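Residue strings, one per chain:
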Amino acid sequence: MVNTDAWKTLKAELDLRGVTLIAVSKTKPASDVQALYDLGQRDFGENYVQELVDKAPQLPADIRWHFIGHLQTNKVKYLAPFVHCIHAVDSLKLLQEIDRQAAKHHRTVDVLLQLHVAEEETKYGLDETALLTLLDQYEAQRADLQHLRIRGLMAMASFTENEAQVQAEFGRVKTAFDNLKQTNFFQRPYFNTLSTGMSGDYRIAVEAGSTAVRIGSLLFGART
Ligand SMILES: *Cc1c(COP(=O)(O)O)cnc(C)c1O
(Lines give C-alpha, C1' and ligand atoms only; values in the text may rest on other atoms or scores of the structure.)
Protein backbone atom coordinates (compact mmCIF):
# COMPACT_ATOMS: atom_id res chain seq x y z
CA MET A 1 0.00 0.00 0.00
CA VAL A 2 1.26 3.42 -0.95
CA ASN A 3 1.41 5.88 1.92
CA THR A 4 0.23 9.05 0.21
CA ASP A 5 0.36 11.09 3.43
CA ALA A 6 4.00 10.11 3.92
CA TRP A 7 4.71 11.17 0.33
CA LYS A 8 3.09 14.59 0.82
CA THR A 9 4.96 15.27 4.06
CA LEU A 10 8.28 14.08 2.71
CA LYS A 11 7.91 15.89 -0.60
CA ALA A 12 7.17 19.18 1.18
CA GLU A 13 10.10 18.68 3.57
CA LEU A 14 12.52 17.95 0.70
CA ASP A 15 11.21 20.67 -1.64
CA LEU A 16 11.94 23.20 1.08
CA ARG A 17 15.60 22.14 0.95
CA GLY A 18 15.85 21.71 -2.81
CA VAL A 19 16.42 17.95 -2.45
CA THR A 20 15.12 15.57 -5.13
CA LEU A 21 12.90 12.72 -3.94
CA ILE A 22 13.53 9.44 -5.76
CA ALA A 23 10.75 6.99 -4.89
CA VAL A 24 12.25 3.50 -4.79
CA SER A 25 9.58 1.17 -6.15
CA LYS A 26 11.54 -2.11 -6.34
CA THR A 27 9.36 -5.19 -5.72
CA LYS A 28 6.23 -2.99 -5.82
CA PRO A 29 3.60 -3.18 -8.58
CA ALA A 30 3.21 -0.62 -11.36
CA SER A 31 -0.09 0.44 -9.77
CA ASP A 32 1.84 1.72 -6.73
CA VAL A 33 4.12 3.75 -8.99
CA GLN A 34 1.08 5.13 -10.81
CA ALA A 35 -0.50 6.17 -7.50
CA LEU A 36 2.50 8.35 -6.61
CA TYR A 37 2.80 9.58 -10.20
CA ASP A 38 -0.78 10.82 -9.95
CA LEU A 39 0.24 12.90 -6.93
CA GLY A 40 3.05 14.48 -8.95
CA GLN A 41 6.04 12.20 -8.28
CA ARG A 42 8.26 11.82 -11.37
CA ASP A 43 11.58 10.30 -10.20
CA PHE A 44 11.47 6.58 -9.45
CA GLY A 45 14.28 4.20 -8.54
CA GLU A 46 14.62 0.48 -9.29
CA ASN A 47 17.30 -2.12 -8.45
CA TYR A 48 16.63 -5.01 -10.79
CA VAL A 49 16.99 -4.74 -14.55
CA GLN A 50 14.29 -7.24 -15.47
CA GLU A 51 11.80 -5.71 -13.08
CA LEU A 52 12.42 -2.22 -14.43
CA VAL A 53 12.23 -3.35 -18.04
CA ASP A 54 8.87 -5.01 -17.29
CA LYS A 55 7.48 -2.08 -15.31
CA ALA A 56 8.50 0.95 -17.34
CA PRO A 57 6.32 0.29 -20.42
CA GLN A 58 3.21 0.03 -18.21
CA LEU A 59 3.77 3.54 -16.90
CA PRO A 60 3.84 7.14 -18.21
CA ALA A 61 6.75 7.94 -20.50
CA ASP A 62 7.76 11.10 -18.63
CA ILE A 63 8.86 9.19 -15.53
CA ARG A 64 12.58 9.64 -14.85
CA TRP A 65 13.85 6.13 -14.08
CA HIS A 66 16.88 5.87 -11.83
CA PHE A 67 18.72 2.57 -11.77
CA ILE A 68 20.13 2.41 -8.25
CA GLY A 69 21.34 -1.20 -8.00
CA HIS A 70 24.56 -2.79 -9.14
CA LEU A 71 24.48 -2.93 -12.94
CA GLN A 72 26.24 -5.69 -14.85
CA THR A 73 27.88 -4.58 -18.08
CA ASN A 74 25.94 -7.09 -20.16
CA LYS A 75 22.61 -5.62 -19.00
CA VAL A 76 23.28 -1.99 -19.88
CA LYS A 77 21.69 -2.52 -23.28
CA TYR A 78 18.28 -3.16 -21.74
CA LEU A 79 18.27 0.15 -19.88
CA ALA A 80 19.98 2.38 -22.43
CA PRO A 81 16.82 3.16 -24.45
CA PHE A 82 15.04 4.86 -21.58
CA VAL A 83 16.94 5.11 -18.27
CA HIS A 84 17.49 8.63 -16.92
CA CYS A 85 20.29 8.08 -14.41
CA ILE A 86 22.48 5.12 -13.39
CA HIS A 87 23.53 5.58 -9.78
CA ALA A 88 26.08 2.95 -8.82
CA VAL A 89 28.78 3.10 -11.48
CA ASP A 90 32.19 1.95 -10.28
CA SER A 91 34.30 0.95 -13.28
CA LEU A 92 35.63 2.27 -16.57
CA LYS A 93 34.25 -0.80 -18.31
CA LEU A 94 30.75 0.12 -17.19
CA LEU A 95 31.17 3.75 -18.23
CA GLN A 96 32.34 2.64 -21.67
CA GLU A 97 29.41 0.30 -22.11
CA ILE A 98 26.87 2.91 -20.95
CA ASP A 99 28.34 5.32 -23.49
CA ARG A 100 28.29 2.74 -26.28
CA GLN A 101 24.68 1.73 -25.66
CA ALA A 102 23.45 5.30 -25.13
CA ALA A 103 25.07 6.30 -28.44
CA LYS A 104 23.08 3.61 -30.24
CA HIS A 105 19.91 5.33 -29.08
CA HIS A 106 21.23 8.85 -29.67
CA ARG A 107 20.86 9.55 -25.98
CA THR A 108 22.92 10.97 -23.15
CA VAL A 109 22.60 9.02 -19.90
CA ASP A 110 23.37 10.58 -16.53
CA VAL A 111 25.59 8.56 -14.21
CA LEU A 112 26.71 8.79 -10.60
CA LEU A 113 29.87 7.16 -9.30
CA GLN A 114 29.45 5.02 -6.20
CA LEU A 115 31.70 5.76 -3.28
CA HIS A 116 31.97 3.01 -0.69
CA VAL A 117 31.98 4.47 2.81
CA ALA A 118 30.01 1.91 4.83
CA GLU A 119 31.66 -0.57 7.18
CA GLU A 120 30.00 -3.57 5.52
CA GLU A 121 32.29 -5.38 3.11
CA THR A 122 31.18 -5.27 -0.51
CA LYS A 123 32.82 -5.70 -3.85
CA TYR A 124 30.89 -2.70 -5.19
CA GLY A 125 31.73 0.96 -5.00
CA LEU A 126 35.03 2.83 -4.97
CA ASP A 127 37.12 4.23 -2.17
CA GLU A 128 38.49 7.76 -2.57
CA THR A 129 41.71 6.59 -4.23
CA ALA A 130 39.93 4.31 -6.70
CA LEU A 131 37.49 7.14 -7.45
CA LEU A 132 40.33 9.44 -8.47
CA THR A 133 41.94 6.70 -10.56
CA LEU A 134 38.68 6.10 -12.39
CA LEU A 135 38.23 9.82 -13.01
CA ASP A 136 41.75 10.04 -14.47
CA GLN A 137 40.90 7.20 -16.83
CA TYR A 138 37.62 8.88 -17.70
CA GLU A 139 39.33 12.21 -18.42
CA ALA A 140 41.83 10.50 -20.70
CA GLN A 141 38.96 9.00 -22.72
CA ARG A 142 36.47 11.79 -22.38
CA ALA A 143 36.34 12.54 -26.11
CA ASP A 144 35.02 9.01 -26.64
CA LEU A 145 32.51 9.17 -23.81
CA GLN A 146 30.16 11.86 -25.05
CA HIS A 147 26.94 9.94 -24.42
CA LEU A 148 27.12 10.05 -20.67
CA ARG A 149 27.40 12.77 -18.11
CA ILE A 150 28.92 12.19 -14.69
CA ARG A 151 26.50 14.14 -12.52
CA GLY A 152 27.95 13.36 -9.10
CA LEU A 153 28.32 10.68 -6.44
CA MET A 154 26.13 8.05 -4.84
CA ALA A 155 26.70 6.28 -1.53
CA MET A 156 25.09 4.21 1.18
CA ALA A 157 25.91 4.52 4.86
CA SER A 158 26.38 1.57 7.22
CA PHE A 159 23.31 -0.21 8.57
CA THR A 160 23.75 0.93 12.13
CA GLU A 161 21.86 2.74 14.88
CA ASN A 162 24.98 4.80 15.46
CA GLU A 163 23.98 8.20 14.06
CA ALA A 164 27.41 9.72 14.57
CA GLN A 165 28.89 7.03 12.37
CA VAL A 166 26.28 7.55 9.64
CA GLN A 167 26.88 11.28 9.87
CA ALA A 168 30.64 10.78 9.49
CA GLU A 169 30.17 8.49 6.49
CA PHE A 170 27.87 10.93 4.69
CA GLY A 171 30.36 13.65 5.58
CA ARG A 172 33.09 11.70 3.83
CA VAL A 173 30.99 11.51 0.67
CA LYS A 174 30.28 15.24 0.83
CA THR A 175 33.99 15.99 1.18
CA ALA A 176 34.84 13.85 -1.84
CA PHE A 177 32.05 15.56 -3.80
CA ASP A 178 33.22 19.05 -2.84
CA ASN A 179 36.82 18.19 -3.69
CA LEU A 180 35.80 17.05 -7.16
CA LYS A 181 33.82 20.22 -7.69
CA GLN A 182 37.07 22.16 -7.26
CA THR A 183 38.71 20.39 -10.18
CA ASN A 184 38.58 22.03 -13.59
CA PHE A 185 36.41 19.50 -15.24
CA PHE A 186 33.82 19.17 -12.52
CA GLN A 187 33.33 22.89 -12.16
CA ARG A 188 30.71 22.36 -14.85
CA PRO A 189 27.22 23.12 -13.54
CA TYR A 190 25.87 19.65 -14.20
CA PHE A 191 28.19 18.09 -11.62
CA ASN A 192 25.62 18.78 -8.92
CA THR A 193 24.18 15.53 -7.59
CA LEU A 194 24.88 13.81 -4.31
CA SER A 195 22.64 10.74 -4.00
CA THR A 196 22.68 9.74 -0.34
CA GLY A 197 19.98 8.83 2.15
CA MET A 198 17.30 6.13 2.39
CA SER A 199 14.17 5.76 4.54
CA GLY A 200 16.15 5.24 7.74
CA ASP A 201 18.83 7.88 7.37
CA TYR A 202 17.67 10.49 4.88
CA ARG A 203 17.49 13.31 7.45
CA ILE A 204 21.13 12.78 8.37
CA ALA A 205 22.01 12.63 4.67
CA VAL A 206 20.21 15.90 3.93
CA GLU A 207 21.97 17.60 6.85
CA ALA A 208 25.24 16.37 5.32
CA GLY A 209 24.50 17.89 1.91
CA SER A 210 22.50 15.25 0.01
CA THR A 211 20.78 16.58 -3.11
CA ALA A 212 18.80 13.40 -3.92
CA VAL A 213 17.39 10.85 -1.50
CA ARG A 214 16.30 7.32 -2.45
CA ILE A 215 13.23 6.41 -0.40
CA GLY A 216 11.42 3.08 -0.59
CA SER A 217 9.78 1.62 2.50
CA LEU A 218 8.70 4.96 3.95
CA LEU A 219 6.50 5.47 0.86
CA PHE A 220 5.59 1.97 -0.26
CA GLY A 221 5.71 0.01 2.99
CA ALA A 222 8.09 -2.77 3.93
CA ARG A 223 9.33 -5.15 1.25
CA THR A 224 8.80 -8.87 1.71
C1 LIG B 1 16.26 -0.38 -1.64
C2 LIG B 1 17.19 0.76 -1.77
C3 LIG B 1 16.84 2.04 -1.29
C4 LIG B 1 15.56 2.33 -0.55
O5 LIG B 1 15.60 1.74 0.71
P6 LIG B 1 14.50 2.07 1.85
O7 LIG B 1 15.21 1.75 3.10
O8 LIG B 1 13.36 1.17 1.58
O9 LIG B 1 14.15 3.50 1.72
C10 LIG B 1 17.74 3.08 -1.51
N11 LIG B 1 18.92 2.88 -2.14
C12 LIG B 1 19.29 1.67 -2.60
C13 LIG B 1 20.59 1.53 -3.30
C14 LIG B 1 18.44 0.58 -2.42
O15 LIG B 1 18.82 -0.63 -2.86
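See above for the structure.
Residues numbered from 1 in each chain as written. Predicted model: local features only at pLDDT ≥ 70, side-chain atom pairs only at ≥ 80, totals over all residues. Heavy atoms only, no water.

### A short note on unusual backbone geometry
Of note, Thr27 is a non-glycine position whose phi angle comes to about 70°, a positive value. By secondary structure assignment, the location of Thr27 is in the loop between strand E1 (20-24) and helix H2 (30-39). The class of Thr27 is partly exposed, set by a relative accessible area of 45%. Positioned with a positive phi, His106 is a non-glycine residue whose angle comes to about 50°. With respect to the helices and strands, His106 occurs in the loop between helix H5 (92-104) and strand E5 (109-114). (Helix = DSSP H or I, 4+ residues; strand = E, 2+ residues; numbered from the N terminus. Buried < 20%, exposed > 50% of the residue type's maximum accessible area, 1.4 Å probe, protein only.)

### Quick look at the nonpolar core
Of all hydrophobic cores here, the largest spans 60 residues; its most connected members are Leu95, Ile98, Val111, Leu113, Ile150, Leu153 and Leu219. Broken down by element, the residue count for this core peaks at five residues, all from H5. Those residues in contact with Leu113 that sit more than four places away from it in its chain are His87, Val89, Leu95, Leu126, Leu131, Leu134, Leu135, Ile150, Gly152, Leu153 and Met154. One finds Val166, Phe170, Ala205 and Ala208 within the second-largest nonpolar core, a separate group that totals six residues. (Core = buried A, V, L, I, M, F, W, Y, C linked by side-chain atoms within 4.5 Å. Contact = heavy atoms within 4.5 Å.)

### A few points about empty space enclosed by the protein
This structure, assessed with the given rule, holds one cavity of 30 Å³ or more. Its volume calculated, the largest cavity comes out at about 30 Å³. Mapped onto the lining of the largest cavity, the elements with two or more residues apiece are helix H4 (76-79) and H5. It is H5 that contributes the most residues to the lining of the largest cavity, three residues altogether. (1 Å grid on protein atoms, 1.4 Å probe; cavity = no way out; pocket = protein on both sides within 12 Å on 5 of 7 lines; lining within 4 Å. Points joined across faces, edges and corners; volume = space filled by probe spheres on them.)

### Observations regarding the side chain of Gln101
Mapped onto the elements, Gln101 comes out in helix H5. Gln101 gets classed as buried once you look at its relative accessible area, which sits at 4%. A polar atom in the side chain of Gln101 sits 2.8 Å from the side chain of Glu97. Leaving out residues up to four positions away in the same chain, Gln101 has contacts with Val76, Lys77 and Ala80. (Polar contact = N/O pair within 3.5 Å; in protein donor to acceptor, adjacent residues only side chain to side chain.)

### Brief notes about the pattern of salt bridges
Evaluated as defined, the whole model comprises 12 salt bridges. Note that Asp110 is salt-bridged to Arg149, the shortest N-O span being 3.2 Å. Taken together, the residues Asp110 in strand E5 and Arg149 in strand E6 (residues 148-154) connect sequence positions 39 residues apart. Overall, the relative accessible area of 30% leaves Arg149 in the partly exposed class. One salt-bridge network, in which partners are shared between bridges, spans Glu46, Glu51 and Lys55. (Salt bridge = Lys/Arg side-chain N within 4 Å of Asp/Glu carboxyl O.)

### What about the site of the ligand?
Near the ligand there are 13 residues, and of these Lys26, Ser199, Gly216, Ser217 and Arg223 occur at the shortest range. In the model, a nitrogen atom of the ligand is placed 2.9 Å from a nitrogen or oxygen of the Arg214 side chain. Between the ligand and Gly216, the relevant distance is 2.8 Å, taken from an oxygen atom to a main-chain nitrogen or oxygen of the residue. Coverage of the ligand by the protein chains reaches 90% of its 390 Å² of free accessible surface. Among the cavities detected, the one that contains the ligand is the largest pocket. Across the shell around the ligand, the residue classes break down as six nonpolar, four polar and three charged. (Near = heavy atom within 4 Å. Areas by Shrake-Rupley, 256 points an atom, 1.4 Å probe, with all protein chains shown as cover. Sits in = over half its atoms within 2 Å of the grid points. Nonpolar A, V, L, I, M, F, W, Y, C, P; charged D, E, K, R; others polar.)

Read these as geometric descriptors, not functional statements.
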